[in-house]
Amino acid sequence: MLTFLMIWGCGGATDPIEFPDGLEPLPVDNTAEWPANNTEAINTNGGEDGDLIWVHARAYIHNTLDAIYPCLQEPEINLDRQEDPQWSITRDVEEGYEHSYRLDITVENILTVEYEDTWRHGSVYDEDDVRNRTVTAWQMTQGNSFMTIKRGSLVADVVEAEITSLDIIYEMDVALPDEEQMIRYLEDVHAELIACSDGDPLPPTD
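On a predicted model such as this, the values are computed, not experimentally measured, just so you know.

Q: Looking at this structure, I do not really get the overall build of the protein chain. What am I missing?
A: Secondary structure summary: the protein chain contains four helices and nine strands in total. Listing every helix and strand of the protein chain by position from the N terminus yields α-β-β-β-α-α-β-β-β-β-β-β-α. For the protein chain, the C-alpha atoms occupy an extent of roughly 55 × 35 × 35 Å along the three principal directions. Burial analysis of the protein chain (206 residues in total) assigns 48% to the buried set. Carbon and sulfur atoms provide 45% of the accessible area of the protein chain, an area that totals close to 10,100 Å². Averaging the coordinates of the 10 positive side-chain charges in the protein chain and doing the same for the 44 negative ones gives two points 3 Å apart.

Q: Can you walk me through the environment of Ala-36 in this structure?
A: Structurally, Ala-36 is set in the loop between strand S1 (13-16) and strand S2 (42-49). Its relative accessible area of 53% is what places Ala-36 among the exposed residues. Sequence separation of Ala-36 and Ser-145 is 109 residues, and the distance between their C-alpha atoms is 41 Å.

Q: I tried to follow the pattern of salt bridges on my own but got confused; where do I start?
A: Where charged atoms from two side chains of opposite charge approach closely, those side chains can pair. Under the definition given, this model contains 11 salt bridges. The residue Glu-192 makes a salt bridge to Arg-81 at a minimum N-O spacing of 2.9 Å. Placement of the pair is Glu-192 in helix H4 (residues 179-197) and Arg-81 in the loop between helix H3 (75-78) and strand S4 (86-91), with a sequence separation of 111 residues. Of the charged contacts in the structure, one is a salt bridge between Asp-157 and Arg-133, with a shortest N-O distance of 2.6 Å. Of this pair, Asp-157 sits in strand S8 (residues 147-160) while Arg-133 sits in strand S7 (residues 131-144), and the two are 24 residues apart along the sequence. One continuous salt-bridge network, built from bridges that share partners, spans Asp-80, Arg-184 and Asp-188.

Q: Just checking my understanding: could you explain H4 for this structure?
A: Spanning 19 residues, H4 covers 27 Å between terminal C-alpha atoms, matching the ideal 27 Å at 1.5 Å per step. Sitting at the amino-terminal end of H4 is Asp-178, which places a side-chain oxygen 3.3 Å from the backbone nitrogen of Glu-180. Gly-199 lies just past H4 and shows a positive phi near 80°.

Q: So what exactly am I meant to see when it comes to the pairing of strand S6 (residues 112-125) here?
A: Consecutive side chains along a regular strand alternate between the two faces of the sheet. Examined bridge by bridge, strand S5 (residues 99-108) and S6 share 10 bridges and lie antiparallel to one another. Bridging across to S6, Tyr-101 finds its partner in Trp-119. In this structure, the hairpin formed by S5 and S6 is closed by a connection of three residues. Of the pairings in the sheet, the one linking S6 to S7 comprises 10 bridges and is antiparallel in character. Directly across from Gly-122, in S7, lies its bridge partner Val-135.

Q: What is the right way to look at the packing of helix H2 (residues 65-72) against H4 in this model?
A: To characterise two packed helices, one gives the angle between the axes of the helices and the distance between these axes. Remark: H2 packs on H4, axes separated minimally by 9 Å, with the N-to-C direction vectors making an angle of 120°. Here H4 runs oblique to H2, going by the angle between their axes. Crossing hand, H2 versus H4: right-handed. Of H4, the residues touching H2 (which contributes Ala-67, Ile-68, Cys-71 and Leu-72) are Leu-193, Cys-196 and Ser-197.

Q: Honestly, the environment of Tyr-125 in this entry has me stumped. Any pointers?
A: The residue Tyr-125 is located in strand S6 in this model. Take Tyr-125: its relative accessible area is 38%, and that puts it in the partly exposed class. Tyr-125 has contacts with Glu-98, Val-130, Arg-131 and Asn-132, leaving out every residue within four places of it along the chain. At 3.2 Å, the side chain of Tyr-125 forms a polar contact with the side chain of Arg-131.

Thresholds, definitions, all that
- Residues numbered from 1 in each chain as written.
- Predicted model: local features only at pLDDT ≥ 70, side-chain atom pairs only at ≥ 80, totals over all residues.
- Heavy atoms only, no water.
- Helix = DSSP H or I, 4+ residues; strand = E, 2+ residues; numbered from the N terminus.
- Buried < 20%, exposed > 50% of the residue type's maximum accessible area, 1.4 Å probe, protein only.
- Areas by Shrake-Rupley, 256 points an atom, 1.4 Å probe, with all protein chains shown as cover.
- Lys, Arg positive; Asp, Glu negative; His and termini not counted.
- Charge placed at Lys NZ, Arg CZ, Asp CG, Glu CD.
- Salt bridge = Lys/Arg side-chain N within 4 Å of Asp/Glu carboxyl O.
- Expected span 1.5 Å × (residues − 1).
- Polar contact = N/O pair within 3.5 Å; in protein donor to acceptor, adjacent residues only side chain to side chain.
- Pairing = 2+ DSSP bridges.
- Axes fitted to C-alpha atoms, helices over the stretch in contact; angles between N-to-C directions.
- Parallel < 35°, antiparallel > 145°, perpendicular 65-115°, else oblique.
- Left-handed = near helix turned anticlockwise from the far one by under 90°.
- Contact = heavy atoms within 4.5 Å.

Structure follows, in structure tokens:
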């Protein structure tokens, strides 16, 4: 998607974008269906609401939540590696969360597009102090003239001892909406989380 945006001209920085306090998932009903029989797969559904383009996903990974949670914090999984971005990370940018960081991202093609994404992660524990849910929230907190909204949430829940579910909401407001790119990104994240949690290298980009 960013490749197409670049033909429009250079995207200058805009004012900072507020990231509301908290670690709640985006308040949207997920319209994707769960993969049948807890299959290690991902289902997606997408659409548009005015200027907002959205993609919902539901997926399973056949691994423990404790194995997956560190992978959810990996910048290379958070990033869209297909765009071959240059990036840097600043950790602990916000107080009150288990993990928080900012990714400063630059994508170069014909022109250069720069933006910042801020990420938060946290856990929920049961009465036996066992982690049974994690919540990841991210939002673009410094955009450009092409992108005004880029945000999402991912809730990971224990289904069985070796099965974890992912409930994902992803929203953007961009100059040239690209639902297929958003779906491909979430499919990549799912594949990367499977590889990472198994201790394998991330899949190669196309």
